[in-house]
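Architecture and fold: a report
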Amino acid sequence: MRGSKQLSSVSLEWNDVDRQAVDVVRALAMDAVEKAGSGHPGTAMSLAPAAYLLFQRILRHDPSDPTWAGRDRFVLSCGHSSLTLYIQLYLSGYGLSLDDLKSLRQWDSLTPGHPEYHHTVGVETTTGPLGQGIGNAVGMAMASRRERGLFDPDADPGTSPFDHHIWCIASEGDIEEGISHEVSSIAAHQKLGNLTVLFDSNHISIEDDTKIALSEDVVERYDAYGWHTQTVDWTAGEHYDEDVEALYAALEAAKAETSRPSFIRLRTIIGWPAPNKQNTGKAHGSALGADEVAATKRVLGMDPEKSFEVPSEVLDHTREVVDRGRAAHAEWEKGYADWRSANAERAALFDRMRTHTLPEGWAEALPSFEPGASIATRKASGEVLSALAPVLPELWGGSADLAESNLTSMKGEPSFIPSEYQTRDFPGNPYGRTLHFGIREHGMGAILNGIALHGGTRPYGGTFLVFSDYMRPAVRLAALMRIPVTYVWTHDSIGLGEDGPTHQPVEHLWALRAIPGLDIVRPADANETVAAWKTVLEHTDRPAGLALTRQNLPVYPANPEGVARGGYIMEEASTGRPAVIIIGTGSEVELALGARKILEEAGTPTRVVSMPCVEWFRAQDASYRQTVLPSNVKARVAVEAGIALGWREFVGDEGEVVSLEHFGASAPYKTLYEQFGLTGERVAAAARASLARLGADKGETTGN
């Protein structure tokens, strides 16, 4: 074992039943994949001793109360090896049965191909895309520290009911993904001593030997970040030796290292001890085959004719972890009860945050803006955040090095940073509130997910809308998990101007709207921005992205209920019976209103609908949607400074969309809008075209 600094004084008790249980894990992994006809048996087989050791000896957890606040968190970043987790959940008594293992990867089973949050008890996060789980674990470690700062900041290290550890198993695939660099760099910078990553180094991926694509010294890489690193090599001797005692010592040393995150490289042989397919790509991602399963069971001293066999003495032994977990939980409850009695106000905050309940009267702190003023929606968002800081301590976040552009820093709030890294512009401490992700958008997305998964805090993160592309995998997972993460995406159109097409989003709004379960909110002015934030914070079951302007926009009278419904009548037709409806979002609502003025002056009754959130509008009942967009008014125009994709749903076959079907350019934003035809006149012309298509444009009699 290389690099171990602190070894546990507690020796490992590891008996024949433990060894038998590990072999049962290997057999179950083979049997489950064989029955499913697909899956990843090899890693689950070679990681069997490590996963078993974690769940049986290292993790502080209570299978009888999987959401216990004092538990350690476990993240399986290499989600393809889902059996590594499922089998331990079964053996530990989390409610999975042998029948569930037999249903691996089948319809409506509790054991899908990759672990899914909200689906299987004991699964802390959805991991599939490699590297995301490491980012989630970093976010959990950050959230743990933030929550300790909120609830018990003065307790000595290791004495608080809010002290616990985050454990993560990662593979070479996780380490190769670029996101692993982003989040690992942040973890070291933040000195997250409550985080340990166990790196399964088996040198095999789908394309067989990883030396075809990977040659770096991963441990030295983590040394360079500033992690506490160790190596446990089970291949170092003359024969393969699963030295569980050495791994136990390394895990205990990692837990004892509280000033920096820990990284343990565990050198294994994938598929061990399959006689023909160990150490091959075939063991990674496909069933071993009946002959190889039988041969492996013979090596293990098992009956090759039996499948899913779990001796009663093994199951009885592994289920003892329930008693140990309940005892640890009961001991924790003593300290927790003492904390509650001494900290009534903080305990009330803890209870409120655990249920994502907003405090009574919180919305009274929200700012309002005078109609007729002119303000960018990014600035309005910044004022909302600063106004909410005193009343919503659970709300925290920051930006990917764009705080001055995204306006995501709450005024007067300290940065979340080790004290030695605070700066003149950003003073802070380890329990601070303002997050600094650096230029690491993808890592920011995965970390935000981990923060939201950990507990009751509400995280947000900002960057330019165009760079949501860097975040998309993590954003998609937030939507899949239905967790309340908020994205502050500013510079939302060609309206950002001179930075040019590389920074001007065109396809992004509809690309993001295509993600099921993600709310995209593009407010038309400062007051809509306030209402958007209010509505987003009232939702606890999904993520949301705010698309905000760099440029100033006119302020209109507030209509918070209309914003919460996703779309509403901003300006009614003069007759109350519109001949045409113009739908706008964000900065283009101003164009819609300008077009209405032109059309009304020409005698065409025109309604303007502001639709800040398509998803919220779709969720309304049919009668409300019919009130806003009556089906008998077929002359319609949608206007948005982006691609038209999706607007046909709202304008119909007879409608028109004023859009941008190409990239932008570098110029002042008013010039861009004019040159690209995003003007009130162009919108009015589109309305007339829609009317003409319906036969409403009759012209005038001019004689023969």
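Turning our attention to the overall build of the protein chain. For the protein chain, the helix and strand inventory stands at 28 helices and 22 strands. Its C-alpha radius of gyration of 29 Å places the protein chain within 12% of the 27 Å reference for a compact globule of 704 residues. Each of the three principal axes of the protein chain carries a C-alpha extent, and together these read 105 × 60 × 45 Å. Of all 704 residues assigned to the protein chain, the portion counted as buried reaches 59%. Taking the intrachain contacts of the protein chain between residues at least 6 apart in sequence as the baseline, contacts between residues at least 24 apart amount to 77%. Split by element, the accessible area of the protein chain, about 27,200 Å² in all, is 48% carbon and sulfur. On the protein chain, the mean spot of the 64 positive side-chain charges and the mean spot of the 94 negative ones are 3 Å from each other.

Strand order in the open sheet formed by five strands is E18-E20-E19-E21-E22, and the pairing between neighbours is mixed. Looking at the sheet topology across the chains shown, the edges are occupied by strand E18 (568–571) and strand E22 (656–658). For this sheet, the mean inter-axis angle between neighbouring strands, taken without regard to orientation, is 30°. As paired elements, strand E19 (residues 580–584) and strand E20 (residues 606–610) share five bridges and run parallel to each other. Across the sheet, the residue bridging to Ile583 is Val609, located in E20.

This brings us to helix H28 (residues 680–693). Between its first and last C-alpha atoms H28 spans 20 Å; for 14 residues at 1.5 Å apiece the expected length is 20 Å, and the two agree. For H28, the set of buried residues is Gly680, Val683, Ala684, Ala686, Ala687, Ser690 and Leu691. When H28 is viewed along its axis, its buried side chains cluster within an angular range of 155° and face the same direction. On its buried face, H28 is in contact with E19, helix H23 (589–601), strand E21 (636–639) and E22. Of the residues one or two after H28, Gly695 is the one with positive phi, at around 80°.

Take the packing of helix H6 (residues 132–151) against helix H18 (residues 441–454) next. As a packed pair, H6 and H18 sit with axes 6 Å apart at the nearest point and diverge in direction by 55°. In this view, H6 runs oblique relative to H18, as classed from their interaxial angle. Crossing of H6 against H18: the hand is right-handed. Here Gln132, Gly135, Asn136, Val138, Gly139, Met140, Met142, Ala143, Ser144 and Glu147 of H6 come into contact with H18, specifically with His442, Ala446, Ile447, Asn449, Gly450, Ile451, Leu453 and His454. Looking at side-chain class alone, the contact of H6 with H18 contains eight nonpolar, nine polar and one charged residues.

What follows is about the packing of aromatic side chains. What the rule picks out here adds up to 29 aromatic pairs. Aromatic side chains Trp14 and Tyr52 sit 5.4 Å apart centroid to centroid with 80° between the ring planes, which places their arrangement in the edge-to-face category. Here Trp14 is found in the segment before helix H1 (16–36), whereas its partner Tyr52 is found in helix H3 (residues 48–58), with 38 residues between them in sequence. A ring pair is formed by Phe162 and Trp339, whose centres lie 4.9 Å apart and whose planes are at 80°; its orientation type is edge-to-face. A residue pair is termed long-range when its members are at least 10 positions apart, and Phe162 in the loop between H6 and strand E2 (166–171) and Trp339 in helix H14 (residues 320–342) qualify at 177 residues. Exposure class is identical for Phe162 and Trp339. Each is buried. Pairwise contacts between aromatic rings join Trp68, Phe151, Phe162, Trp332, Tyr336, Trp339 and Phe350 into one cluster. One Lys or Arg, Arg319, reaches over the ring of Tyr90 and ends 5.4 Å from the middle of that ring.

Burial of E20 is extensive: five of the five residues sit out of reach of the surface. Pairing between E18 and E20: three bridges, direction antiparallel. Its bridge partner lying in E20, Ile569 is registered against Val609. On the question of chirality, the crossover connecting E19 to the parallel E20 by way of H23 is right-handed.

Counting buried positions along E2 yields six of six residues, so the element is predominantly enclosed. Examined bridge by bridge, strand E1 (residues 73–76) and E2 share four bridges and lie parallel to one another. By the bridge assignment for E2, Leu76 is matched with Ile169. Note: E2 against strand E3 (residues 195–201), six bridges, orientation parallel.

To continue, consider the sheet that holds E2. Pairing is parallel in the open sheet, where five strands are placed in the order E1-E2-E3-E7-E6. Each of the sheet's edge strands pairs with one partner strand only, and the pair in question is E1 and strand E6 (228–233). For this sheet, the mean angle separating the axes of adjacent strands, direction not counted, is 15°. Relative to strand E7 (residues 262–267), E3 runs parallel, the two being bridged by six bridges. Looking at E7, one finds that Asp200 is bridged to Leu266.

All chains considered together, the criterion is met by 33 salt bridges. The partner of Arg513 in a salt bridge is Glu640, and the shortest N-O contact between them spans 2.9 Å. In this pair, Arg513 is assigned in helix H20 (residues 508–513) and Glu640 in the loop between E21 and helix H26 (648–651), connecting sequence segments 127 residues apart. We classify Arg513 as buried; its relative accessible area is 6%. If you follow the salt bridges from partner to partner, you end up with Asp492, Arg513, Arg522, Glu588 and Glu640 in one network.

Definitions and cut-offs
Residues numbered from 1 in each chain as written. Predicted model: local features only at pLDDT ≥ 70, side-chain atom pairs only at ≥ 80, totals over all residues. Heavy atoms only, no water. Helix = DSSP H or I, 4+ residues; strand = E, 2+ residues; numbered from the N terminus. Rg over C-alpha atoms; globule rule 2.2 N^0.38 Å. Buried < 20%, exposed > 50% of the residue type's maximum accessible area, 1.4 Å probe, protein only. Contact = heavy atoms within 4.5 Å. Areas by Shrake-Rupley, 256 points an atom, 1.4 Å probe, with all protein chains shown as cover. Lys, Arg positive; Asp, Glu negative; His and termini not counted. Charge placed at Lys NZ, Arg CZ, Asp CG, Glu CD. Pairing = 2+ DSSP bridges. Axes fitted to C-alpha atoms, helices over the stretch in contact; angles between N-to-C directions. Expected span 1.5 Å × (residues − 1). Arc of directions from axis to C-beta. Parallel < 35°, antiparallel > 145°, perpendicular 65-115°, else oblique. Left-handed = near helix turned anticlockwise from the far one by under 90°. Nonpolar A, V, L, I, M, F, W, Y, C, P; charged D, E, K, R; others polar. Phe/Tyr/Trp six-rings, centres within 6.5 Å; stacked < 30°, edge-to-face > 60°. Lys NZ or Arg CZ within 6 Å of the ring centre and 35° of its normal. Right-handed = clockwise from strand over helix to strand, strands pointing away. Salt bridge = Lys/Arg side-chain N within 4 Å of Asp/Glu carboxyl O.

Note that every value here comes from positions in space, so none of it alone points to a role or purpose.
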